[in-house]
Amino acid sequence: MNGPLAWARTALAAAHPRGGLADRVAAELRGRLPEDHLVLSSHLPRDGGGRVALVVVGRERVIVVEPRGEDGDFVCYQDHWYRRTAAGATRAYADSPSLRARRDAARIHGDLATGGEMNVQVDALVVLTRGRAADVGSSCVPVVVGVDALARALLRMTASSPERTRAIADALAGPIRLALS
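Because the structure is a prediction, the values reported are computed rather than measured.

Peer 1: How do you make sense of the packing of helix α2 (residues 21-32) against helix α4 (residues 147-157) when you look at a structure like this?
Peer 2: Any two packed helices are characterised by how steeply their axes cross, that is the angle between the axes, and by the distance between the axes. Two numbers describe how α2 lies on α4: the axes approach to 10 Å, and their chain directions differ by 55°. The pairing of α2 with α4 is recorded here as oblique in orientation. Pair α2 / α4 crosses with right-handed handedness. Contacts between α2 and α4 pair Val25, Glu28, Leu29 and Arg32 from the former with Val147, Asp148, Leu150, Ala151 and Leu154 from the latter. Here the residues of the contact of α2 with α4 are counted per class, giving 6 nonpolar, no polar and 3 charged.

Peer 1: Teacher, can you tell me more about the packing of aromatic side chains here?
Peer 2: Here a ring pair, both rings aromatic, is described through the centre-centre distance and the interplanar angle of the planes. Across all of its chains, the model carries 2 aromatic pairs by this definition. An angle of 10° between the planes, with centres 5.8 Å apart, marks the rings of Phe74 and Tyr93 as stacked. A residue pair is termed long-range when its members are at least 10 positions apart, and Phe74 in strand β4 (residues 73-77) and Tyr93 in the loop between β6 (88-91) and α3 (97-114) qualify at 19 residues. By the burial criterion, Phe74 is buried, and Tyr93 matches it.

Peer 1: Explain the environment of Leu99 to me, please; I cannot follow it from the model alone.
Peer 2: Within the fold, Leu99 resides in helix α3. For the pair Leu99 and Val141, spaced 42 residues apart in sequence, the C-alpha separation works out to 8.0 Å. In this structure Leu99 touches Asp79 and Cys140, once residues within four positions along its chain are discounted.

Peer 1: Would you mind showing me how to read unusual backbone geometry here?
Peer 2: What you tend to see is this: most non-glycine residues have negative phi, and most peptide bonds are trans. For Ser42, which is not glycine, the phi torsion reads 55° and is therefore positive. Position of Ser42 relative to the elements: it lies in strand β1 (residues 37-43). For Gln78, which is not glycine, the phi dihedral falls at a positive 50°. In this fold, Gln78 is placed in the loop between β4 and β5 (80-85).

Peer 1: What should I look at first to understand the sheet that holds strand β7 (residues 121-128) in this one?
Peer 2: Pairing between the strands of a sheet is mediated by backbone hydrogen bonds and can be parallel or antiparallel. Spatial ordering of the open sheet is given by β1-β2-β3-β7-β9, a layout of 5 strands whose pairing is mixed. Because the sheet does not close on itself, it has two edges, and the strands there are β1 and β9 (143-145). Each strand of the sheet is rotated relative to its neighbour by a mean of 30°, with strand direction disregarded. Relative to strand β3 (residues 61-68), strand β2 (residues 52-58) runs antiparallel, the two sharing 5 bridges. Bridge assignment links Val57 to a residue of β3, and that residue is Val62. The sheet strands contacting α2 are β1, β2 and β3, and the helix crosses β1 at an angle near 175°.

Cut-off values and rules
Residues numbered from 1 in each chain as written. Predicted model: local features only at pLDDT ≥ 70, side-chain atom pairs only at ≥ 80, totals over all residues. Heavy atoms only, no water. Axes fitted to C-alpha atoms, helices over the stretch in contact; angles between N-to-C directions. Helix = DSSP H or I, 4+ residues; strand = E, 2+ residues; numbered from the N terminus. Parallel < 35°, antiparallel > 145°, perpendicular 65-115°, else oblique. Left-handed = near helix turned anticlockwise from the far one by under 90°. Contact = heavy atoms within 4.5 Å. Nonpolar A, V, L, I, M, F, W, Y, C, P; charged D, E, K, R; others polar. Phe/Tyr/Trp six-rings, centres within 6.5 Å; stacked < 30°, edge-to-face > 60°. Buried < 20%, exposed > 50% of the residue type's maximum accessible area, 1.4 Å probe, protein only. Pairing = 2+ DSSP bridges.

What follows is the structure, given as structure tokens:
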């Protein structure tokens, strides 16, 4: 690929050595989104708090995606996730995917602010790649089912220019900028 984002894809989108669901979803998204969208898997924010599974820089906004690859019918009640079974419901996750996505979005927003892009909107969502959303209405972030639905949701959420995407990517990857008066 040639163009303003070629350097960013090379510098920022290196696959995480452990691979995994985030890398597979990222690879599928790269084939479904326009070239002016940057898809990063296993991004390491500057705060040292661990990797963020999936970050999509889409023109005027950044979307943090928490992918979940388990089978089943999922219910989210006040950000507590359960798997619905014939016998009732069992706790699906010790760490809520919706709360993790929201926390990771705040971390990415912090990186953007210290990188000189304070006014970038950062959203979060959860994607269920194999499971079904039985009742996820009380999730603090949107929940989508499947990578196709994720790509459609991302395209609805983003609009602007490749130059803006590059500026946002610079803020994520570059050194911390200090405001001098």
